[in-house]
Amino acid sequence: MNVIETHQLSRRYGKADALHGLDLTVPTGSIFAFIGANGAGKTTTIKVLMNLLEPTGGIARVLGVDSRKLGPRQREKIGYVSENQKLPDWMTVRQLLDYCRPFYPTWDRDLEAKLLKQFELPPDRRIRQLSRGMMMKAALLSSLPYRPKLLVLDEPFSGLDPLVRDEFVRGMLEVSQQSEWTIFISSHDINEVEQLADRVGLIDAGRMQFAEPIDALMGRFRRVDVTLGNAEPRLESPPPGWLEVERMGNHVRFVDSQFSGESFESYRSGRFPDADVVPAPMKLREIFVTLAKSRRVQVAPAGA
Amino acid sequence: MSLTWHIVRKDITRLRWVILLWVVALAGEMTLASLQATLDVEGHTLFYMAAWTFGNVFIPVIGYGLVMGLQDDDPVTEGDSFWMTRPITGGRLLSAKALLLALLCLLPAVISVPFWLGHDFGLGALRQSSLHVLWRQVLISLLAVPFAVISSSGAKFVTNTLVGMVAVLGLWLLYRLVAGGGPTPIPDPVLVSRGWLILAIWVFAAGAAALNQYYRHRTRRSVALLVTAAFACLAVSLWWDRGVPAALAAGTARRAEPVLIEVAARAGAHISRDGHTVRIISVIPDFSRTIVLEVSESEPESSATYPASLSENPDAPHPQEHYLLVSQDDGRAMTAEVTRNPEELHADRVRYFRSTLVFNPYRDLPGNVPSNMAPWIAGAVLVKVEGRDAALFRLADPPARKDGKP
């Protein structure tokens, strides 16, 4: 079962399209990293999913319910933490927890106490007096003790130092050990979520570029270094899966985004018959940089 | 319901210091009124001005700001307010806010009760006074709610209020432009029906905007609705020429029978006599403001023709009970009379004062009512003078001035 499903989801601000027919599927139990550059449409997508914005087209289903009809029953199972969220900053941390608690029948006070201690938050300090990192931890703290089925995090690590980020992640892991849940986490930096996520999706200019398990993604991307021999390589009409193809003397370098044993053997024998061809695994960050660059190259002629 | 109260308690906690300030201000207003009742208005002008400012500006401004304070923590404009991300429906939040707003509207009356009781108000006076105070805060809330629900923060609320004030000024200028300068008198029933219609339009618009914001968060739609309502109010004030429907008028008339409120002058009023002038400084029951009624026939030229009613008259029947009635005839002239017969006071067009004023029937009659007084005339005040030296006199037919002017 999928916790989140969108079909042809669109959202327009005036004449500007923020989302273009977005199709997205997030399976139950996954930790989904929703990656995209600033302005790609991540926050808009999340706001539509949370029914903070209405879509102008298409449909989004969250926990099996049309996002426009999300009610208290669904929200009791959803945690939401956003870098832009306005917390009631006049409250102390304790007052925030006291205020939130009655709205959730499944609130676990033991877990609350445990997380409060783990996050090292001063319970009697006003939220407006907290640092940014502590404020994000307070927001997370108010979203975990009821063990949500779905935790939505919008750029939660933005501006956080590594120490706070680790605490943040440990807090989430604390809950994930005790119940099955789904985390949907957006970020503009893959490094922030690489260690956490098992699935990843890339959004660009309001369109979903891909969404798949990280293992599968890393399995199909290879940086290929070719040292040419005497035979001239066949570089005309490269396959659509090749990105960043460049030649420097007797070296050819490209990224194969559809790498498999069969395809490798095929082009090694067909295009580089007398060459030393070495495919190397890529890091997730490299994959995203490559994809971002290739997108720019595709767009550039139209904008030129 | 418990979750609704939970939100109410949260808001009370947040606003506790502002509410406390308001309570202190309300209590202060009544304290000032008590002091006013013992002071000579002519010798304490600055005090009276300060008291007036306190009661008519400071307290309403706090009451107005409190409405935004209620909304400020849970904005209902489009966005990701904290409450929208929690299991709180718009309906529940609206219920909580409406509940607390209702409690806040009742608060001034609740605080005033001990003061009123201290001034010997009877049940009728308590009811009348409570309704007046409640009505004042309801009107303030009706003005504030639309601006509060379309504002995402306190700063925007202030900005929107200022924009609203400028818009009202613009509408007023438009009204003057379209209505022309000719002083065409508008019959009272038409004025009344216009007033009720405008109130109904605004209540509807404010309610619809609030519902739209709490359930749909579509601020532009609410703004459009309010602007439309403002123009509808302008249209009504320009072109609505029907009076109150007969059936409604009959009902209104029944409800609007003059309620004459008695205030025992001795309870808090200060009565002084200087020659032919009786000055009664008292606190009227509709709220804690002071009324100063100065009834004089001290003009030497007129004293001969005027009844010597202010002289001691121990032989007058029922000397222990006299009533001073002040009434407004047509919005410009004023008459005053003292009578022993309360039945006579149930005449049409009886009005009473709701503000501090000094009224000299000789000087001010028949067509020279101070302009700042007219807006406050809205009923009848009946000052019951018991056992004091305000003897029976009648000023309904004031003497002509020496210069021949009426």
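Residues numbered from 1 in each chain as written. Chains lettered and ligands numbered in written order. Predicted model: local features only at pLDDT ≥ 70, side-chain atom pairs only at ≥ 80, totals over all residues. Heavy atoms only, no water.

**Topic: the pairing of strand S13 (residues 251-256) of chain A**
Residues and elements named next belong to chain A.
Next up, step 1: Taken together, the 6 bridges between strand S11 (residues 222-227) and S13 define a ladder with antiparallel strand orientation. Across the sheet, the residue bridging to Arg222 is Asp256, located in S13.
Next up, step 2: As defined by bridge partners, strand S12 (residues 242-248) adjoins S13 across 5 bridges and the pair is classed as antiparallel. Counted as the bridge partner of Leu243 is Val255 from S13.
Next up, step 3: Connecting S12 to the antiparallel partner S13 that follows it, the hairpin turn spans 2 residues, and Gly249 within it adopts a positive phi of roughly 65°. (Pairing = 2+ DSSP bridges. Helix = DSSP H or I, 4+ residues; strand = E, 2+ residues; numbered from the N terminus.)

**Remarks on the sheet that holds strand S1 (residues 2-13) of chain A**
Residue and element names in this part refer to chain A.
Next up, step 1: What the 4 strands build is an open sheet, ordered S2-S1-S4-S5; its pairing is antiparallel. Each edge of the sheet is formed by a strand with only one pairing partner; in this case those strands are strand S2 (16-27) and strand S5 (65-66).
Next up, step 2: By the bridge criterion, 5 bridges tie S1 to strand S4 (residues 57-62) in an arrangement that is antiparallel. Of the residues in S4, the one forming a bridge with Ile4 is Val62.
Next up, step 3: Those strands touched by helix H1 (residues 42-49) are S1, S2 and S4, and its axis lies near 115° from that of S1. (Contact = heavy atoms within 4.5 Å. Axes fitted to C-alpha atoms, helices over the stretch in contact; angles between N-to-C directions.)

**Focus on the confidence of the model for chain B**
Residue and element names in this part refer to chain B.
Next up, step 1: Chain-level statistics for chain B give a pLDDT mean of 66 and a share of 52% at 70 or above.
Next up, step 2: Ranking the elements of chain B by mean pLDDT puts helix H11 (residues 361-364) last with 32 and helix H7 (residues 219-239) first with 92.
Next up, step 3: Between residues 273-279, whose pLDDT stays under 50, and residues either more than four places distant or in other chains, the model counts 32 contacts.
Next up, step 4: Of the regions scoring below 50 in pLDDT, residues 282-406 engages in 309 contacts with residues more than four places distant in sequence or in other chains.
Next up, step 5: Scoring the predicted complex yields pTM 0.74 and, for the interface, ipTM 0.84. (pLDDT = per-residue confidence, 0-100.)

**Focus: the interface of chain B and chain A**
Next up, step 1: Across the contact, 20 residues belong to chain B and 30 residues belong to chain A.
Next up, step 2: With its nearest N and O atoms 3.4 Å apart, the salt bridge here joins A:Glu54 to B:Arg216.
Next up, step 3: Along the lines of polarity and charge, the residues of the side of chain B that touches chain A split into 6 nonpolar, 5 polar and 9 charged. (Salt bridge = Lys/Arg side-chain N within 4 Å of Asp/Glu carboxyl O. Nonpolar A, V, L, I, M, F, W, Y, C, P; charged D, E, K, R; others polar.)

**Quick notes on the packing of helix H4 (residues 109-119) of chain A against helix H6 (residues 162-176) of chain A**
Residues and elements named next belong to chain A.
Next up, step 1: The geometry of H4 relative to H6 is characterised by a closest axis approach of 10 Å and an angle of 160° between their N-to-C directions. Taken as axis vectors, H4 and H6 run roughly antiparallel relative to one another. Considering how the two elements wind past one another, H4 and H6 form a crossing that is right-handed. For the pair formed by H4 and H6, the contact residues are Leu111, Lys114, Leu115, Gln118 and Phe119 on the first element and Glu167, Phe168, Arg170, Gly171, Glu174 and Val175 on the second. (Parallel < 35°, antiparallel > 145°, perpendicular 65-115°, else oblique. Left-handed = near helix turned anticlockwise from the far one by under 90°.)

**A few points about the domain arrangement of chain A**
Interface size is commonly expressed as the accessible area that is lost once the parts come together.
Next up, step 1: According to the domain assignment, chain A contains domain 1 (2-211) and domain 2 (222-281).
Next up, step 2: Distance between the C-alpha centres of domain 1 of chain A and domain 2 of chain A: 41 Å. (Domains from an automatic or database assignment.)

**A look at the pattern of salt bridges**
Residue and element names in this part refer to chain B.
Next up, step 1: Throughout the structure, instances matching the rule amount to 22 salt bridges over all chains.
Next up, step 2: Lys10 is the salt-bridge partner of Asp11, the closest N and O atoms lying 3.1 Å from each other. Accessibility assignment for this pair places Asp11 and Lys10 in one class, buried.
Next up, step 3: Put simply, Arg14 and Asp73 hold a salt bridge, and the shortest N to O gap is 3.8 Å. Taken as a pair, Arg14 in helix H1 (residues 2-36) and Asp73 in the loop between helix H2 (45-72) and helix H3 (90-118) lie far apart in primary sequence, 59 residues in all.
Next up, step 4: Using a relative accessible area of 23% as the deciding quantity, one classes Arg14 as partly exposed.
Next up, step 5: Classification of Asp73 by relative accessible area gives buried; the value is 13%.
Next up, step 6: Within the structure, one salt-bridge network assembled from shared partners comprises Lys10, Asp11, Arg14, Asp72, Asp73, Asp74 and Lys97. (Buried < 20%, exposed > 50% of the residue type's maximum accessible area, 1.4 Å probe, protein only.)

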